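Chain by chain, the residues:
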Amino acid sequence: MTAHLPTISQMHSTQISHLPLQLLVLLLLLLLLLLCTDESRGDATSRLLDQINQVGFVNVLDQAARPNVPKDLSNYDFIVVGAGAAGSSLAARLSENPQWSVALIEAGGVENIAHNTPVLAGYLQQTASNWGYRSVPQKLSCYGMNNHECSLPRGKVLGGTSSINYMIYNRGNRRDFDGWAAAGNPGWSYEEVLPYFLRTENAQLQGLEYSPYHNHSGPLSVEYVRYRSQMADAFVKASVESGLPRTDYNGESQFGVSYVQATTRNGRRHSAYAAYLKPVRDLRPNLQIFTFARVTRILIDEATKSAYGVEFNHKNKPYTFKARKEVILSAGTFNSPQLLMLSGIGPEDNLKAIGVPLVQPLPVGKRMYDHMCHFGPTFVTNTTGQTTFTSTITIAEIVSHFLAGNPATRLSSIGGVEALAFLKTQRSQLPKDWPDIELIMVTGSLASDEGTGLKLGANFKQEIYDKMFRDLALAQQDHFTLLVMQFHPQSVGRLWLRDRNPLSWPMIDPKYFVAEEDVEYLLDGIKASLRITQMPALQKIGARLLNRPVPGCEHLQFASDDYWRCSIRTLSYTLHHQVATCRMGPESDPTTVVNHQLKVHGMRRLRVVDTSVIPVPPTAHTNAAAFMIGEKAADMIRSEWS
Ligand SMILES: Cc1cc2nc3c(=O)[nH]c(=O)nc-3n(C[C@H](O)[C@H](O)[C@H](O)COP(=O)(O)OP(=O)(O)OC[C@H]3O[C@@H](n4cnc5c(N)ncnc54)[C@H](O)[C@@H]3O)c2cc1C
């Protein structure tokens, strides 16, 4: 059978012959537009220019025209390391005070048209904007990945992971934050963090205009994805038929189903860079942003245990910046712990083994939680033209999206994610209003990009694509996938350093599914997803399980419990919500690294402000929380230094 299928290289060449033509037309249109004289530019042209500006070409030109070259031994009040969601929001807020100078140091460059086009989300992991980390080979998960290594992408660009993520906007459950506060973190209860979530948000959510859970004047745009497939409508309807309420999962109750809320603006990605930095960087000489600048060490006065600066490399040259007030690490859940350890703050055994002199013993990286997912089940339908395959995107859609600013084309689909359902399994011991499973409804699968994006990004074996998804792509068969995600896993991973070279990858062992129970939760979630597809709304479009056994699980009866258990350990797919590597909690708790003010225990003038401080996995995707943490940290720092 496979003999009749085109080879991968044939498939690539087919797509490549489509893409340049589309891009060429786009570039020609842009050129024509830019050649228009000022007099000939009416309102419509100005609007078009505005569209182009939003798309991101200008970012790249702007960056090239104004490289910010660091001056060695410069002094700033605050040095923020890393321009992700937390670092960008923090630096923007601190620099509102014109008396304070802020240096924001980012290892990556600037985002462009690809980042800003939501449908391309799956491709960004193959670009230089991804640090490209992989886990150590997993014993009990990721069997479907090459060498059992799970892919662990992270953003390396102004905007950080918010510039390469899937743009789902989701805050978490009231009980998550109340739990943080109860664990010895005053100020972090739901009532206390909600104002910071609101402060970030500029919601354009039809039907929620008067909700007290949404704000309309913050920097970060949140909107419903305007492109909707029939399959998403059927899924939402079927979920309701199965007994789930329609809900605003960022509102009073998470429990239920909703179309996805996204960090997009008029159908384009709205990253931390676009929301917080771009609007102010030209207006604030006290905010200095340095790109392609990689911090390698925190400078610490060992006598007082005070941080007083950082060392970094910019274009292969070493630099030192000094901080008059604080050094703040916002380098993300893998790199903040790495920088602490490179600077002598971490577990004594690991630092000793790699020859880093110990400054402060702390359990940095000793704990890491994540949200593991099952990539599926996938269902085929009787509809046509509802699943977006990359090669079917037309020039008309590209023009409509980019030049007419139409936010409702398939280009604004956030990598195919259309709806979310928050559920409880039978086995859950948690209170009634605390979901333990999420179904992420995606129109498509690994087949949507015909094997050219997601498969590579996630490190899936070729065999998985060939045996399960390739025919879907060739036939352009409509289908959707319900990713099943577990919110409160028992498995705990860890991160450590292999050597003292700051350019080496940290070693990351997520230990997915070492707790057998985590597999059972996902099994219950799969069964819940199958129940929903039996409901009339999905039966009406002929939804049925994709009848292609998972490679490695063929020996088990298809769709039996044991088959699904095997599938869970094979199609193990993280949604990249790693947290707790610099866990927040009181100093008396030996598992914690920072206190409730995000100050590193036992150190002075050093904080960690990013998702690495989140103490336990939240009932949410983690981007909204990163912004909230940045905003809250800014307030704490302001009140301390003002
Ligand atoms: C592929 C993917 C999809 C995701 N999808 C979603 C989603 O749809 N919704 C959601 O809520 N969450 C999602 N997440 C998770 C979410 O985006 C992240 O948890 C969140 O953005 C992390 O924010 P942060 O500020 O903690 O760190 P980051 O955004 O990772 O920022 C850290 C920054 O520090 C920089 N940096 C690191 N080391 C150094 C150094 N040594 N020197 C200088 N700079 C450095 C990095 O380059 C980066 O810019 C996704 C994650 C991934 C990887």
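Note that the structure is a prediction, hence the values are computed from the model and not measured. (Residues numbered from 1 in each chain as written. Predicted model: local features only at pLDDT ≥ 70, side-chain atom pairs only at ≥ 80, totals over all residues. Heavy atoms only, no water.)

1. Points about the side chain of Gln360
Logical step 1: With respect to the helices and strands, the residue Gln360 is situated in strand S16 (residues 360-361).
Logical step 2: Gln360 sits in the buried class, given a relative accessible area of 10%.
Logical step 3: Within the structure, the side chain of Gln360 is placed 2.6 Å from the side chain of Lys305, a separation counted as a polar contact. (Helix = DSSP H or I, 4+ residues; strand = E, 2+ residues; numbered from the N terminus. Buried < 20%, exposed > 50% of the residue type's maximum accessible area, 1.4 Å probe, protein only. Polar contact = N/O pair within 3.5 Å; in protein donor to acceptor, adjacent residues only side chain to side chain.)

2. Quick look at the site of the ligand
Logical step 1: Taken together, 39 residues form the shell around the ligand, and within it Glu106, Thr161, Thr611, Thr622 and Asn623 come nearest.
Logical step 2: In the model, an oxygen atom of the ligand is placed 3.3 Å from a nitrogen or oxygen of the Val157 main chain.
Logical step 3: Asn165 is positioned such that a nitrogen or oxygen atom in its side chain is 3.0 Å from an oxygen atom of the ligand.
Logical step 4: Contact with the protein chains covers 99% of the free accessible surface of the ligand, which is 1,000 Å².
Logical step 5: When grouped by side-chain class, the residues that make up the shell around the ligand number 17 nonpolar, 17 polar and 5 charged. (Near = heavy atom within 4 Å. Areas by Shrake-Rupley, 256 points an atom, 1.4 Å probe, with all protein chains shown as cover. Nonpolar A, V, L, I, M, F, W, Y, C, P; charged D, E, K, R; others polar.)

3. A look at the environment of Ala114
Logical step 1: Of note, Ala114 is situated in helix H5 (residues 113-116).
Logical step 2: Sequence separation of Ala114 and Thr127 is 13 residues, and the distance between their C-alpha atoms is 10.0 Å.
Logical step 3: Among residues more than four places away in sequence, those in contact with Ala114 are Leu120 and Leu124. (Contact = heavy atoms within 4.5 Å.)

4. Details of the state of the cysteines
In a disulfide, the sulfur atoms of two cysteines are held together by a covalent bond.
Logical step 1: Under the counting rule described, the total for this entry stands at 2 disulfides.
Logical step 2: With its sulfur 2.2 Å from that of its partner, Cys142 forms a disulfide with Cys150. Measuring the twist about the S-S bond at about 115°, one finds the Cys142-Cys150 disulfide to be right-handed.
Logical step 3: On the basis of relative accessible area, Cys142 is assigned to the buried category, the value being 0%.
Logical step 4: The buried category is assigned to Cys150, whose relative accessible area is 2%. (Disulfide = S-S within 2.5 Å.)

5. Topic: the confidence of the model for the protein
Logical step 1: Model confidence for the protein is summarised by a mean pLDDT of 92, while 90% of its residues fall at 70 or above.
Logical step 2: A low-confidence stretch, residues 1-20 (pLDDT under 50), is modelled with 20 contacts involving residues beyond four sequence positions or located in other chains.
Logical step 3: Overall, residues 31-41 carries pLDDT values under 50, and its contacts beyond four positions in sequence, including any with other chains, amount to 10 contacts. (pLDDT = per-residue confidence, 0-100.)

6. Structural notes on the nonpolar core
Logical step 1: Ranked by size, the top nonpolar core spans 181 residues in total, and within it Phe235, Leu340, Phe469, Leu598 and Leu606 carry the most contacts.
Logical step 2: Among the elements that take part in this core, helix H18 (residues 623-641) stands out by supplying 10 residues, more than any other.
Logical step 3: Apart from residues lying up to four places away in sequence, Phe469 is in contact with Phe375, Thr378, Ser445, Leu446, Ala447, Ile464 and Leu546.
Logical step 4: Judged by nonpolar contacts, the second largest core, of 6 residues, contains Ile113, Val119, Ile393 and Leu411. (Core = buried A, V, L, I, M, F, W, Y, C linked by side-chain atoms within 4.5 Å.)

7. With respect to the packing of helix H15 (residues 516-533) against helix H17 (residues 561-570)
Logical step 1: The N-to-C vectors of H15 and H17 enclose an angle of 115°; their axes lie 10 Å apart at closest approach. It follows that H15 is roughly perpendicular to H17 by the angle criterion. Between H15 and H17 lies a crossing whose hand is right-handed. Packed against H15, whose contacting residues are Glu516, Val519, Glu520, Leu522, Leu523, Ile526, Lys527 and Leu530, the element H17 presents Asp561, Trp564, Arg565, Ile568 and Arg569 at the interface.
Logical step 2: When its residues are assigned to classes, the contact of H15 with H17 shows 7 nonpolar, no polar and 6 charged. (Axes fitted to C-alpha atoms, helices over the stretch in contact; angles between N-to-C directions. Parallel < 35°, antiparallel > 145°, perpendicular 65-115°, else oblique. Left-handed = near helix turned anticlockwise from the far one by under 90°.)

8. Side note on the packing of helix H7 (residues 190-200) against H18
Logical step 1: Here H7 crosses H18 at 110°, and the two axes come no closer than 8 Å. As summarised for this structure, H7 and H18 are arranged roughly perpendicular, according to the angle between their axes. Across the interface between the two elements, Val193, Tyr196, Phe197, Arg199 and Thr200 from H7 touch Ala624, Ala625, Phe627, Met628, Glu631, Lys632, Asp635 and Arg638 from H18.

9. Regarding the sheet that holds strand S5 (residues 201-204)
Logical step 1: If you trace the 3 strands from one edge of the open sheet to the other, you get S5-S6-S8, paired in mixed fashion. Every interior strand has two partners, whereas the edge strands, S5 and strand S8 (261-262), have only one.
Logical step 2: With 4 bridges connecting them, S5 and strand S6 (residues 220-224) associate as parallel partners. Pairing of Gln204 across the sheet is with Glu223, part of S6.
Logical step 3: Together, S5 and S6 form the strand contacts of H7, whose direction differs from that of S5 by roughly 65°. (Pairing = 2+ DSSP bridges.)

10. Quick notes on H15
Logical step 1: Between its first and last C-alpha atoms H15 spans 27 Å; for 18 residues at 1.5 Å apiece the expected length is 26 Å, and the two agree.
Logical step 2: The element H15 is extensively covered by neighbouring structure, given that 13 of its 18 residues are classed as buried. (Expected span 1.5 Å × (residues − 1).)

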